[in-house]
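Here is what each chain is made of, one letter per residue.
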Amino acid sequence: MQGKATVIGLTGPFGSGCTETAKILKERRGYTAVRLSDVLRAEWDTRNPGVPSKRSDLQTLGDQMRGETSNPGILAERAVDKLWQLNKGTCVVVDGIRNTGETDYLRERFGSDFFLFALECPTSERWLRLKHLYEGDGGGVEAFRQDDDRDRDEDYKYGQQVQICVDQADVLINNTDHAGIAGLREKVPQYVDLVTGLTPRYANPSEIFMNLAYSAAHGSKCLKRQVGAVIVTAPPGEMGDIVGQGFNENPSPTRPCVEEVTYFRNRKRGECYRDIVRDEAHASFVALGIRCPMCGAQLANGDSDQPRWKCGACKKDMENYFWSERAMTLCTAIHAEVAALFAAGRRSRGATLYTTTFPCFQCTEKVVLAGIRCIVFNEPYPDVRAGSRLELAKVEIERFEGVRSRRFDEIFARARRG
């Protein structure tokens, strides 16, 4: 059963269930599955005949193809074009979206007929699912972590940008092992039928409050990521009073970074302070002749296509070594969760915090002190250290599932029209 010709894109950390979701749509709704990794494998075989590839090899090749063509959406373009020319009325599911250029291409080409689904699963569960692959080639858990970290190369225009892709999703599906394949087989068709208008329904409380959190995020002018938070006096999934709302922004009377004139080494208006600090540190490292901690190559100044903290020789991300917290402690903004806590005051005790991203370590301590009972979030890579602190404080953590705000009104307005 399928409605009008629709294109569903799938994104999420590897091992989260995108390929299984594509199979479900093929079996249950008659979709034709297209895998972006097949484009990479075909290109790899052309460039390296007879040489087997690892995930890291394909990640590198994907970056190269996007950079060589100056087209971040090249994989989606190649995967879909031929198929669509042959079968224009076909419902298609595109598996393996990892760069925002791919979603931009699909949205531009198919308009309102394209929906982006994000699959999410805890890192520990994904490792267990993929353990046999990594232990088979001798890489082990360290190789898994490196590949996983590389999926978040969001500062590189042509790299893997999974976290940003998840942020852009229309629907988020929580695919944990406790629900199993049966749970995924039940949820995926339901969400596809919802977004395509076959089975309209009203938004549930969690979707409503998370939509409000995303709406709050539009108040932020942060150059990196706009975050929103809402505090509600009810358990997750239940209606309650909103007692606090906030977004990340520099405190008054200072101005947002995008509007601030920075008198720091003759910088121009509109730069993130964390970037300024890290760039200055990198310049001093280059001057001192400091070398890459992975391969020993000397650090060099980068360019627009090659971030400073990506080693020009081994292509590894050195920022994790020099700035393990990405200089978050130097962020000049009041974070969304803290702004919401200030607004709620004592009313936050026992309440639920809906936030568009997982709290950082600094925010976590303030959330615990305020007496928040539960946090509902949607992010593919939650802060592990912050998560441990919340667990220690017995604060419940729940991953959001449902329709995101990008097309919230369009999808749920159908229920009002009957």
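The sections below set out a description of the structure shown in this document.

Conventions we followed
Residues numbered from 1 in each chain as written. Predicted model: local features only at pLDDT ≥ 70, side-chain atom pairs only at ≥ 80, totals over all residues. Heavy atoms only, no water. Helix = DSSP H or I, 4+ residues; strand = E, 2+ residues; numbered from the N terminus. Expected span 1.5 Å × (residues − 1). Buried < 20%, exposed > 50% of the residue type's maximum accessible area, 1.4 Å probe, protein only. Contact = heavy atoms within 4.5 Å. Core = buried A, V, L, I, M, F, W, Y, C linked by side-chain atoms within 4.5 Å. Pairing = 2+ DSSP bridges. Axes fitted to C-alpha atoms, helices over the stretch in contact; angles between N-to-C directions. Phe/Tyr/Trp six-rings, centres within 6.5 Å; stacked < 30°, edge-to-face > 60°. Lys NZ or Arg CZ within 6 Å of the ring centre and 35° of its normal.

Before going further, it helps to spend a moment on helix H11 (residues 273–288). In an α-helix there are 3.6 residues to a turn, and that puts residues three or four apart on one side. When the terminal C-alpha atoms of H11 are compared, their 23 Å separation across 16 residues agrees well with the 22 Å that a helix rising 1.5 Å per residue should span. Those residues of H11 that sit buried are Arg274, Ile276, Val277, Arg278, Asp279, Glu280, Ala281, His282, Phe285 and Val286. Tucked inside the fold, the buried residues of H11 contact helix H12 (319–322). Just beyond H11, the residue with positive phi is Gly289, at close to 75 degrees.

Below, the discussion takes up the nonpolar core. Counting 40 residues, the largest nonpolar core has Val94, Ile97 and Leu106 as the members making the most contacts within it. Dropping the residues within four chain positions of it, Leu106 is found in contact with Ala76, Val80, Val94, Ile97, Gly111 and Phe114. If you look at the next biggest cluster of nonpolar residues, it comprises 24 residues, including Cys18, Phe117, Val188 and Val403.

The next subject is the side chain of Thr103. Its place among the elements puts Thr103 in helix H5 (residues 100–110). Not counting chain neighbours up to four residues away, the residues in contact with Thr103 comprise Ile97, Phe114, Leu116 and Gln168.

Our focus in this paragraph is the side chain of Gln168. The topology assignment puts Gln168 in the loop between helix H8 (162–167) and strand E5 (171–174). Using a relative accessible area of 17% as the deciding quantity, one classes Gln168 as buried. Excluding residues that lie within four positions of it along the chain, Gln168 makes contacts with Thr100, Thr103, Arg107, Leu116, Arg404 and Arg406.

Let us now look at helix H16 (residues 408–417). Restricting attention to buried positions, one finds in H16 the residues Phe408, Ile411, Phe412, Ala413, Arg414 and Ala415. Packing partners of the buried residues in H16 comprise strand E4 (114–120), helix H9 (180–195), helix H10 (205–217) and strand E11 (402–403).

Once that is clear, we can look at the sheet that holds strand E1 (residues 7–11). The sheet built from 6 strands is open, its strands ordered E2-E3-E1-E4-E5-E11 with mixed pairing. Each edge of the sheet is formed by a strand with only one pairing partner; in this case those strands are strand E2 (32–35) and E11. Summarising the sheet, E5 and E11 pair through 2 bridges and their orientation is antiparallel. Paired with Val171 across the bridge in E11 is Val403.

Take the sheet that holds strand E9 (residues 374–377) next. Ordered by their spatial adjacency, 5 strands build an open sheet running E7-E6-E8-E9-E10, and the pairing between neighbours is mixed. Lying at the two open borders of the sheet, with one neighbouring strand each, are strand E7 (242–247) and strand E10 (396–399). Ignoring which end each strand starts from, the neighbouring axes of this sheet average 15 degrees apart. Where strand E6 (residues 228–232) and E7 come together, 5 bridges link them in antiparallel fashion. Note on E7: the bridge partner recorded for Ala229 is Gly246. Of the strands in this sheet, E6, E7, strand E8 (352–355) and E9 touch H10, which is tilted by about 140 degrees from E6.

Neither face of E5 is open: one carries Val171 and Ile173, the other Leu172 and Asn174, and all of them are buried. Bridge count between E4 and E5: 4 bridges; the pairing is parallel. The residue bridging Ala118 from the neighbouring strand is Leu172, located in E5.

Geometrically, a pair of aromatic rings is defined through the distance of the ring centres and the angle of the planes. Evaluated as defined, the whole model comprises 8 aromatic pairs. Ring centres of Trp127 and Phe144 lie 5.4 Å apart, and the angle between their planes is 55 degrees; on these two criteria the pair is classed as tilted. Here Trp127, found in helix H6 (residues 123–136), pairs with Phe144, found in helix H7 (residues 140–150); they are 17 residues apart in sequence, far enough to count as distant. With a relative accessible area of 15%, Trp127 lands in the buried category. When its relative accessible area of 2% is taken as the criterion, Phe144 is described as buried. Between Tyr134 and Phe144, the ring centres sit 5.7 Å apart and the planes meet at 85 degrees, which makes this aromatic pair edge-to-face. Within this pair, whereas Tyr134 is found in helix H6, its partner Phe144 is found in helix H7, the two being separated by 10 residues in sequence. An identical accessibility class is assigned to Tyr134 and Phe144; each is buried. The ring of Phe14 has Arg55 sitting right over it, with the charged end atom 4.0 Å from the ring centre. In this arrangement the basic side chain of Arg404 is found over the ring face of Tyr214, its NZ or CZ atom lying 3.9 Å from the centre.

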